[in-house]
Amino acid sequence: MIVDIVKKNEPITSEQIAEKLNLTRSALRPDLAVLTMLGVLEARPRVGYFFTGKAVDTLISEKITDIKVDEIKATPVIVKESTSVYDAIVTLFLTDVGTLFVSDDEGNLQGIVSRKDLLKTAIGNTNTHQIPIGVVMTRMPNIVTVTPEESAYEAARKIVDHQVDALPVVKAVIENGQEKYKIVGKVTKTTITKLFVELGKN
């Protein structure tokens, strides 16, 4: 109702808004403060309130776009390429994750393996102690990644578009003239769900 009144009568003072709503100015103050803080209304001294043209859904979209991956990334579980499928399965259960990231000795991303990959390998195969994870993992450059500077929205879009459970968060570095990717975190479906819940609370 406040937004509608401002739209029709801008610029309009808080006293005039309060009068139209049959409220006191002090009763209206918290609502005006919230609308101004959200960017829906703009307050100009000795002039009054203006409607900024921003809808609430636009503001939610801006908020999700403003949140960076670096703010929401979780700690990845990393194994070496020589790790056996058996040990990878044990690691998966002990750490309660759905995806393992594979690195070289310098922490550069080499591959990614999901619980589905491990399940397919383990079914009907009694030799999981001898099979290295490097045989079953998805290798670079066939891995969808995200950087710390990208938005939470972009990470969520990649998860949906590529139908994956997790994205490695990486930083590109040059080593011996080659571009490599240091693993600095992960973003998963759970990460995005937690963010959604936090935004709902706030």
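The coordinates are above.
Keep in mind that this is a model prediction, so the values were computed, not measured.

Reading the values: rules and limits
Residues numbered from 1 in each chain as written. Predicted model: local features only at pLDDT ≥ 70, side-chain atom pairs only at ≥ 80, totals over all residues. Heavy atoms only, no water. Patch = residues over 30% accessible without salt bridge, like charges linked within 9 Å, V, L, I, M, F, W, Y side chains within 5 Å. Areas by Shrake-Rupley, 256 points an atom, 1.4 Å probe, with all protein chains shown as cover. Salt bridge = Lys/Arg side-chain N within 4 Å of Asp/Glu carboxyl O. Helix = DSSP H or I, 4+ residues; strand = E, 2+ residues; numbered from the N terminus. Buried < 20%, exposed > 50% of the residue type's maximum accessible area, 1.4 Å probe, protein only. Pairing = 2+ DSSP bridges. Phe/Tyr/Trp six-rings, centres within 6.5 Å; stacked < 30°, edge-to-face > 60°. Lys NZ or Arg CZ within 6 Å of the ring centre and 35° of its normal. Arc of directions from axis to C-beta. Contact = heavy atoms within 4.5 Å.

**Remarks on a nonpolar patch on the surface**
A contiguous nonpolar surface patch, about 300 Å² in accessible area, is contributed by Tyr86, Val90 and Leu94. Within the secondary structure, Val90 is located in helix α6 (residues 85-95). Note on Val90: relative accessible area 33%, which makes it partly exposed.

**With respect to the pattern of salt bridges**
A complete count under the given rule lists nine salt bridges for this structure. A salt bridge links Arg44 to Glu42; the shortest N-O distance between them is 3.3 Å. You can call Arg44 partly exposed: its relative accessible area is 39%. With a shortest N-O distance of 2.5 Å, Arg157 and Asp161 are connected by a salt bridge. Taken together, the positions of Arg157 and Asp161, both in helix α9 (residues 152-162) and four residues apart, correspond to about one turn of that helix. Classification of Arg157 as partly exposed rests on a relative accessible area of 31%. In the salt-bridge network here, residues are joined through shared partners; they are Glu154, Arg157 and Asp161.

**Some thoughts on the pairing of strand β2 (residues 48-51)**
Of the strand pairs in this sheet, strand β1 (residues 41-44) and β2 are connected by four bridges, and their pairing is antiparallel. Note on β2: the bridge partner recorded for Ala43 is Tyr49.

**Topic: the packing of aromatic side chains**
Within the structure shown, the criterion is met by zero aromatic pairs. One Lys or Arg, Lys7, reaches over the ring of Phe51 and ends 4.8 Å from the middle of that ring. Positioned above the aromatic ring of Phe50, the side-chain terminus of Arg44 is 4.0 Å from the ring centre.

**Description of α6**
Every buried residue of α6 is accounted for by Val85, Ala88 and Leu92. Take α6 and look down its axis: the buried residues cluster within an arc of 55°, on one side only. Pointing more than 90 degrees away from the buried face of α6 are the exposed residues Phe93 and Leu94. Those residues of α6 hidden inside the fold are in contact with β4 (99-103), α7 (115-122) and α8 (133-136).

**Some thoughts on the side chain of Thr128**
With respect to the helices and strands, the residue Thr128 is situated in the loop between α7 and α8. Residue class for Thr128 comes out buried when judged on its relative accessible area of 10%.

**Some thoughts on unusual backbone geometry**
Along the chain, Glu10 connects to Pro11 via a cis peptide bond; the corresponding omega equals -10°. Mapped onto the elements of the fold, Pro11 is located in the loop between α1 (2-9) and α2 (14-20). Phi at Arg46 takes a positive value of approximately 60°, unusual for a residue other than glycine. Locating Arg46 in the fold gives a position in the loop between β1 and β2. A positive phi angle, near 55°, is found at Asn176, a position not held by glycine. With respect to the element layout, Asn176 can be found in the loop between β7 (166-175) and β8 (178-188).

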